[in-house]
Amino acid sequence: MPAWAQSFPSKPIALIVPFAAGGPSDVIARLVGDHMGRTLGQQILVENVAGAGGTAGARRLASAEPDGHTLLIHHLALAAAPALYGNLTYDTRTAFAPVGLINAGPMVLAGKLALPPVDAKAFFPYAKLQAEKLTIAHAGIGSNAHLCAVLLGQALGVKFTQVAYRGTGPAMNDLVSGQVDLLCDQSTTAVPQIQGDKIRAYAVTSLQRLDVLPNTPTARESGTDLEMTIWHGLYAPKGTPAPVLDKLNGALRAALKDPTVLERFKSAGTQVFPESDWTREAHAKRFNAEIAKWAASLQAAGITPQNVN
């Protein structure tokens, strides 16, 4: 390894989270980033660059110096962005260097406690009849919560009234307070609110029930064709030298082996990828496949690219 690569990192690393503080990506970034910083011997400082469905943070990384000192944690919405936005200032397929996959888990369809249905059996027929009167929150066009809302409406053959926020943290706050009716949120942040009896869980989007929510059925169990797996990955700018990417990948691997990190993920209803998928190559393969998948899925849903602000 070249001497300059051995000395990396030479200063604190900025870890961009493209959504508001308190959301699932923010929680995961702080957990993984703290461990990676200890391994690398430099602080990893989380920067919340929210807005435009996660593209503002991605744009910030795309224009950053490719020296490994600026990173991005993002979920599958990064791969969906080319099908959603027609005026991105970067090419999603080539602007980023995948560092490694982190975790994968389902979304949880949740409602405010004041909603009449008390379980999935009652909710889905109710939603079909009341969809236009029901508000479903999301973290902006292209966010996981938005994509889940789109797929839910598609599965039920209805259109909900969507309410956009700058992140799922603020959206969850308004769900808890009863300002909106529904939110499809990642298990990472939904589970604590459900276990605290602050919101009601109707279904999970995985093919199996979650151990931490054993009484919550899958959407498929409830007769609704909805399945969605959320995954996070770590990215550097295009052109970052391979030795630096390898060092970052090694620090990420160390974090994903840590028992405390694993337990935190498990308690939130998500899990790290199998060790065989921890390579940079595996991340790149999945990323490219997801770009193609969401392009086809969103086109089938009748969604056409729009301009991002």
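Draft legend 1. Structural view of the state of the cysteines. Per the counting criterion, the structure on display carries 1 disulfide. The disulfide that involves Cys148 links it to Cys184, with 2.0 Å between the sulfurs. Here Cys184 lies in strand 7 (residues 182-186) and Cys148 lies in helix 6 (residues 144-156), a separation of 36 residues in the sequence. On the basis of relative accessibility, which here comes to 1%, the residue Cys184 falls in the buried class.

Draft legend 2. Spatial organisation of the pattern of salt bridges. All told, the structure shown has 10 salt bridges when counted by the stated rule. Arg30 is paired through a salt bridge with Asp26; the nearest N and O atoms lie 3.0 Å apart. Linking Arg30 with Asp26, this pair stays in helix 2 (residues 24-40), spanning 4 residues, or about one helical turn. In this structure, Glu290 engages Arg286 in a salt bridge whose closest nitrogen and oxygen atoms are separated by 3.9 Å. Of this pair, Glu290 and Arg286 are both found in helix 11 (residues 280-300), 4 residues apart, which corresponds to roughly one turn of the helix. Using a relative accessible area of 8% as the deciding quantity, one classes Glu290 as buried. Judged by its relative accessible area of 28%, Arg286 falls in the partly exposed class.

Draft legend 3. Quick look at unusual backbone geometry. The step from Phe8 to Pro9 runs through a cis peptide bond, and the omega angle for that step is 0°. In this fold, Pro9 is placed in the loop between helix 1 (3-6) and strand 1 (13-17). One non-glycine residue with positive phi stands out, namely Asp197, at about 55°. Secondary-structure assignment places Asp197 in the loop between helix 8 (187-195) and strand 8 (200-204).

Draft legend 4. Just the pairing of strand 6 (residues 161-164), in detail. As judged from the 4 bridges shared by strand 5 (residues 135-138) and strand 6, these two strands associate in the parallel manner. Within the sheet, the bridge partner assigned to Ala137 lies in strand 6 and is Val163. What joins strand 5 to strand 6 is helix 6, and the crossover it makes is right-handed.

Draft legend 5. Representation of the pairing of strand 1 within the structure. Of all 5 residues that make up strand 1, 5 are buried, and the element is covered over most of its length. Side chains Ile13, Leu15 and Val17 of strand 1 all project onto a buried face; the interleaved residues Ala14 and Ile16 project onto the opposite face, where all are buried too. Regarding the hand of the β-α-β motif, the stretch spanning strand 1, helix 2 and strand 2 (residues 44-48) is right-handed. Sheet topology places strand 1 next to strand 3 (residues 70-75); 3 bridges connect them, and they run parallel.

Cut-off values and rules
- The numbering scheme is per chain: residues are counted from 1 as the chain's sequence reads.
- Side-chain atom pairs in this predicted model are given and counted only at pLDDT of 80 or more, local residue features only at pLDDT of at least 70, and totals for whole chains, interfaces and linings cover all residues.
- Computation of side-chain values: all heavy atoms of the structure, hydrogens and water removed.
- The definition used for a disulfide is geometric: two cysteine sulfur atoms within 2.5 Å.
- Segments assigned H or I by DSSP are reported as helices when at least four residues long, segments assigned E as strands when at least two residues long, and all are numbered from the N terminus.
- In this scheme, a residue with accessible area under 20% of its type's maximum is buried, one over 50% is exposed, and one in between is partly exposed, where area comes from a 1.4 Å probe on protein chains only.
- Throughout this description, the term salt bridge denotes a Lys or Arg side-chain nitrogen within 4 Å of a carboxyl oxygen of Asp or Glu.
- Any two strands are treated as partners once DSSP identifies two or more bridges connecting them.
- Note on handedness: a clockwise path from strand one over the helix to strand two, with the strands aimed away from the viewer, defines a right-handed crossover.

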